[in-house]
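# Report on the structure
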Amino acid sequence: MPRKRIYELARELGMSTRDLILALEKLGMPGMSAFHMVSEEEAEVIRGVVLEKAEAQPPRPAQEKAPPPGKPRPPVVAVLGHIDHGKTTLLDRIRKTRVAAGEPGGITQSIGAYQAQVDGKLITFIDTPGHRAFTAMRARGAKATDIAVLVVAADDGVMAQTLEALDHIKAAGVPMIVAINKVDKPESKPEMVKQQLANLGYIPEDWGGNTIMVPISALTGQGVDELLEMILLVAELEGVSGDPEGALEAIIIESHLDPAKGPVVTAIVKNGTLRERDVVVAGTAWGRIRALLDHQGKRIPAAGPGTPVQILGLSEVPAAGEKLERVASPKEAEELVEKRREEEREKRLALRPRTTFDELIAAAQTKKLVLIIKAHSVGALEAVKLELSTIQAEGVELEILHAGVGQITESDVLLAVAESQGQPLILGFGVKVDPKAQKLAEQKGIPIRTYDIIYDLTLDVERALKRLLGPEFREVKVGEVEVLKVFNIAGVGKVAGCAVRAGRVVRGAKVRVLRRGEEVFVGEIASLKRFAEDVKEVREGYECGIRVRDFEDVREGDVLEVYVLEEVPV
Ligand code: GDP
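Remember, it's a predicted structure, so these values are computed and weren't measured experimentally.

Here the focus is the overall build of the protein chain. Each helix and strand counted, the protein chain has 14 helices and 31 strands in total. For 570 residues, the compact-globule estimate of 2.2 N^0.38 gives 25 Å, and the C-alpha radius of gyration of the protein chain, at 33 Å, exceeds that figure by more than 25%. Along the longest, intermediate and shortest principal axes, the C-alpha atoms of the protein chain span 100 × 65 × 60 Å. The buried share of the protein chain, reckoned over its 570 residues, is 47%. For the protein chain, the proportion of contacts with a sequence separation of at least 24, taken over those separated by at least 6, is 71%. Counting every atom, the protein chain has about 28,900 Å² of accessible surface; 50% of that belongs to carbon and sulfur. Of the side chains in the protein chain, 76 bear a positive and 86 a negative charge, and the two mean positions are spaced by 4 Å.

Using the criterion set out here, one finds two aromatic pairs in the structure. Seen from their ring centres, F521 and F551 are 4.4 Å apart, and the 15 degrees between their planes marks the pair as stacked. With F521 in strand 27 (residues 518-530) and F551 in the loop between strand 30 (543-548) and strand 31 (559-568), this residue pair connects regions lying 30 residues apart in the sequence.

The biggest cluster of nonpolar side chains holds 33 residues, and the ones touching the most others in it are L90, F125, V149, I177, L227 and I231. Of all the secondary-structure elements, those providing two or more residues to this core are strand 4 (76-81), helix 4 (87-98), strand 5 (113-118), strand 6 (121-126), strand 7 (147-153), strand 8 (176-181), strand 9 (212-215) and helix 8 (224-238). It is helix 8 that provides the largest number of residues to this core, a total of nine residues. A domain split of this core shows at least three residues from each of domain 1 (3-62) and domain 2 (71-242). If we ignore the near neighbours within four places in the chain, the residues touching L227 are L90, V149, I177, A179, V214 and I216. L427, Y451, A464 and L465 belong to the second-largest nonpolar core, a separate cluster that totals 22 residues.

For the rest of this paragraph, the subject is the pairing of strand 25 (residues 493-506). The sheet contact formed by strand 25 and strand 30 spans four bridges and is antiparallel. Residue A496 lies in a different strand from strand 30, and its bridge partner there is I546. The pairing of strand 25 with strand 29 (residues 537-539) spans three bridges and is classified as antiparallel. When the sheet's bridge partners are listed, V506 is paired in strand 29 with E537.

Evaluation of the coordinates by the stated rule reveals 38 salt bridges. Across the pair E316 and R341 runs a salt bridge, and its minimum N-O distance is 2.9 Å. Highlighted residues: E316 in the loop between strand 18 (308-312) and strand 19 (323-327) and R341 in helix 9 (residues 330-351), separated in sequence by 25 residues. Taking the relative accessible area as the measure of exposure, E316 reaches 29% and is therefore partly exposed. Residue R341 is classed as partly exposed on the basis of its relative accessible area of 31%.

Inspection of the secondary structure puts E187 in the loop between strand 8 and helix 7 (190-199). The exposure class assigned to E187 is partly exposed, which follows from its relative accessible area of 44%. Along the primary structure E187 and R555 are separated by 368 residues, whereas in three dimensions their C-alpha atoms are 91 Å apart.

Turning next to a nonpolar patch on the surface. A surface patch of nonpolar side chains, about 310 Å² in accessible area, is lined by I453, Y455 and L459. Checked against the element boundaries, Y455 lands in helix 14 (residues 454-468). The class of Y455 is exposed, set by a relative accessible area of 53%.

Moving on to the side chain of R547. Along the chain, R547 turns up in strand 30. Not counting residues up to four positions away in its chain, the partners in contact with R547 are V492, K494, V495, E524, I525, A526 and S527.

Between its first and last C-alpha atoms helix 4 spans 16 Å; for twelve residues at 1.5 Å apiece the expected length is 16 Å, and the two agree. Every buried residue belonging to helix 4 is among K87, L90, L91 and I94, and all of these are buried. Around the axis of helix 4, the buried residues are gathered within 95 degrees of arc, so they sit on the same side. On its buried face, helix 4 is in contact with strand 4, strand 5, strand 6, strand 7 and helix 8.

It is worth spelling out the site of the ligand at this point. In the vicinity of the ligand, 15 residues are found, and the nearest of them are D84, K87, T88, T89 and D184. At 2.7 Å from an oxygen atom of the ligand is found a main-chain nitrogen or oxygen belonging to D84. One nitrogen or oxygen atom from the main chain of L219 is found 3.2 Å from an oxygen atom belonging to the ligand. Surface burial for the ligand is 74%, taken as the share of its 580 Å² of free accessible area covered by protein chains. The greatest single-element share of the shell around the ligand, amounting to three residues, is contributed by helix 4.

This brings us to the pairing of strand 4. In terms of burial, strand 4 is a largely internal element, six of the six residues being buried. Side-chain alternation along strand 4 places V76, A78 and L80 on one buried face and V77, V79 and G81 on a second face that is also buried. Inspection of the sheet shows strand 4 paired to strand 6 by two bridges, in the parallel sense. Of the residues in strand 6, the one forming a bridge with V76 is T124.

On to the sheet that holds strand 12 (residues 262-271), then. Here seven strands make up an open sheet; going across it, the order is 15-14-19-11-12-18-16 and the pairing antiparallel. The sheet is open, and its two edges are formed by strand 15 (285-288) and strand 16 (291-293), each paired on a single side. Taking each pair of neighbouring strands and ignoring which way they run, the sheet shows an average axis angle of 35 degrees.

Let us now look at the domain arrangement of the protein chain. Buried accessible area, meaning the area lost when the parts come together, often serves as the stated size of an interface. One can read the domain layout of the protein chain as domain 1 (3-62), domain 2 (71-242), domain 3 (249-350), domain 4 (357-470) and domain 5 (474-568). Centre-to-centre, using C-alpha coordinates, domain 2 lies 29 Å away from domain 4. Listed by partner, the interface residues are twelve residues for domain 2 and eleven residues for domain 4. Taking both partners together, domain 2 and domain 4 bury about 1,000 Å²; carbon and sulfur atoms supply 58% of that area. Run the count over domain 2 and domain 4 and you get one salt bridge. E410 is the salt-bridge partner of R132, the closest N and O atoms lying 3.2 Å from each other. For the pair domain 2 and domain 4, the number of links is two residue pairs in polar contact (both at pLDDT 80 or more). Elements supplying a minimum of two residues to the side of domain 2 that touches domain 4: helix 5 (131-138) and helix 6 (160-172).

How each quantity is defined
Every chain is numbered on its own, with residues counted from 1 as its sequence reads. Local features in a predicted model are, by the rule used here, given only for residues with pLDDT of at least 70; side-chain atom pairs are given and counted only at 80 or more, and totals for whole chains, interfaces and linings are based on all residues. Excluding hydrogens and water, the side-chain figures rest on all heavy atoms present in the structure. Labels follow the DSSP assignment, with helices taken as runs of H or I lasting at least four residues and strands as runs of E lasting at least two, numbered in each case from the N terminus. C-alpha atoms define the radius of gyration in this analysis, and the globule rule sets the expected value at 2.2 Å times the number of residues to the power 0.38. Only protein chains enter the accessibility calculation, which uses a 1.4 Å probe; a residue is then buried when its area is under 20% of its type maximum, exposed when over 50%, and partly exposed in between. Here a residue-residue contact requires only that any non-hydrogen atoms of the pair lie within 4.5 Å. Reported accessibility uses the Shrake-Rupley method at a 1.4 Å probe radius. Residues are deemed covered only where the shown protein chains occlude them. Only four residue types enter the charge count: Lys and Arg as positive, Asp and Glu as negative, with His and the chain ends excluded. We put the charge of a Lys on NZ, of an Arg on CZ, of an Asp on CG and of a Glu on CD. Aromatic rings from Phe, Tyr and Trp, taking only the six-membered ring of Trp, are treated as a pair when their centres fall within 6.5 Å; an angle between ring planes under 30 degrees marks them as stacked, one over 60 as edge-to-face, and anything in between as tilted. Buried Ala, Val, Leu, Ile, Met, Phe, Trp, Tyr and Cys residues that are joined via side-chain atoms within 4.5 Å together make up what is termed a nonpolar core. Note that the domain bounds were set by an automatic or database domain assignment. Strand pairing is assigned whenever DSSP detects at least two bridges linking the two strands. The rule for a salt bridge is simple: a side-chain nitrogen of Lys or Arg has to be within 4 Å of a carboxyl oxygen of Asp or Glu. Without a salt bridge and with relative accessible area above 30%, a residue can belong to a patch; like charges are then joined within 9 Å and nonpolar side chains (Val, Leu, Ile, Met, Phe, Trp, Tyr) within 5 Å. To estimate the expected span of a helix, subtract one from its residue number and multiply by 1.5 Å. Here, the arc refers to the directions that run from the helix axis to the C-beta atoms. Distances are taken per atom, and a residue is near a molecule or strand as soon as one of its heavy atoms is within 4 Å of it. Whenever two N or O atoms come within 3.5 Å, that pair is a polar contact, provided that in protein one can donate a hydrogen and the other can accept it, and provided that, for residues adjacent in sequence, both atoms are side-chain atoms. Lines fitted to the C-alpha atoms define the axes, with helices restricted to the stretch that makes contact. Angles between their N-to-C directions range from 0 to 180 degrees. Each of two parts loses accessible area, computed with a 1.4 Å probe, when they are put together; buried area is these two losses added.

Structure (structure tokens):
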């Protein structure tokens, strides 16, 4: 019996998968996914009801519908995966087979991204594969990528960088499609890859999960069309869209200095339209756009949503991940750049003295600690994770964003920089820090610590968690006072005339009222006077007037113990 998936049925019915799922939900069949498999009979029933319903129901008046969030636009796709698993081969294959031939001799050099054509639709691929580039783009807060393709070679399976890539994709919150590559090889084991990924919690959709996995061969081209089709399907399901008339949203993905052309920058427009002659700012670079070139080196007057475009005319080379903004005039651009330079200077100054681990953590604005852990072996990593799982901390959250084997690298630091939910902390157990990673971490104010003893590591994490909670205070007794006489003062209340027997009494301090040794009230000193004067403090041997807030029962002979709060060092 042939079986069909919902998305295939949607295509047959000439409607979008999203619309079919919504229609089924309205017809009392909720919880359908694009990959839900139905039998031919079920498909027949669905076809019948959906078509019948469509005929029976006149089209709804337009005002009932929510305004569409722009139009569908080409999704922006990044390719990630372990070295040698075939990322470059895949990107090359798609480029060769799916990019319409330009003018002869036209395309000579990649601009960092290209657009593939699939069934009349476009997909924008970022040409620099790997999670380092992926996360560097994110480190400035911009979201360049809509969909990530994770390439896993079927002869090799899940490897260290596959795990890293998975964590980077998860941290970015971007939908993922797995391309199980090299299935042309006789020794390939696609099912093993599925099992490995399933063990990590990524259950293939044909096993009832929701991770799309497509077996492909980047070398022969087998399965690549299906992969492209899946990309378009995910884009549709995710509602990837942009409004050509909307506000400009564009992200720099590549930049370099060309000796002849000056700064050459590639941006991806995600919303709005970028035009020649626009005045733009990216970080501290600005300029009036001299020329826009498409991915085949052809000059274009404008670039709309989903389009990669090379830009000439900026004053300097901005970093990848920087947002490109349009401003009204060169003057406004210069002012914005000057403001940013000033902010950068201030940031640098503010960061410089705050170099210690404790100070960095104490400056955190969040109650969540996000760890990136590197250890010298899988066993050591497991041991660290196990120890950390025993830490109990109320009021603060602890998340392990990434745990991997090997030294601490730049890509770990980038992952930390891109973290926006919590305070990142990079921990190494029995490993070293790559000097480049160290430098980047210092620049960005990311704390890194390495340990040889697990106990020290967990102790530091506990300490960091406590710091995130904010300072802890304890009560310290500073003095004792005896009530000699009680005055009832009109409009004020009971005031106790006291003698300070020991230590001191401080205005605003906490008091415990003891009567014949028993505590009768705990409160706060509302006012403290010597003669008629308000004072801050009265020392041992002196007399004073004390009013205890909200306590009208103070009596002669009561003893007031005075406490102040003191910060507990962690
Ligand atoms: P990257 O490091 O992930 O970019 O990997 P590459 O694309 O450079 O590929 C590494 C090696 O695997 C190259 O020798 C490719 O020719 C080979 N390769 C890539 N894809 C396939 C495939 O589908 N089948 C086979 N047999 N080899 C492949």
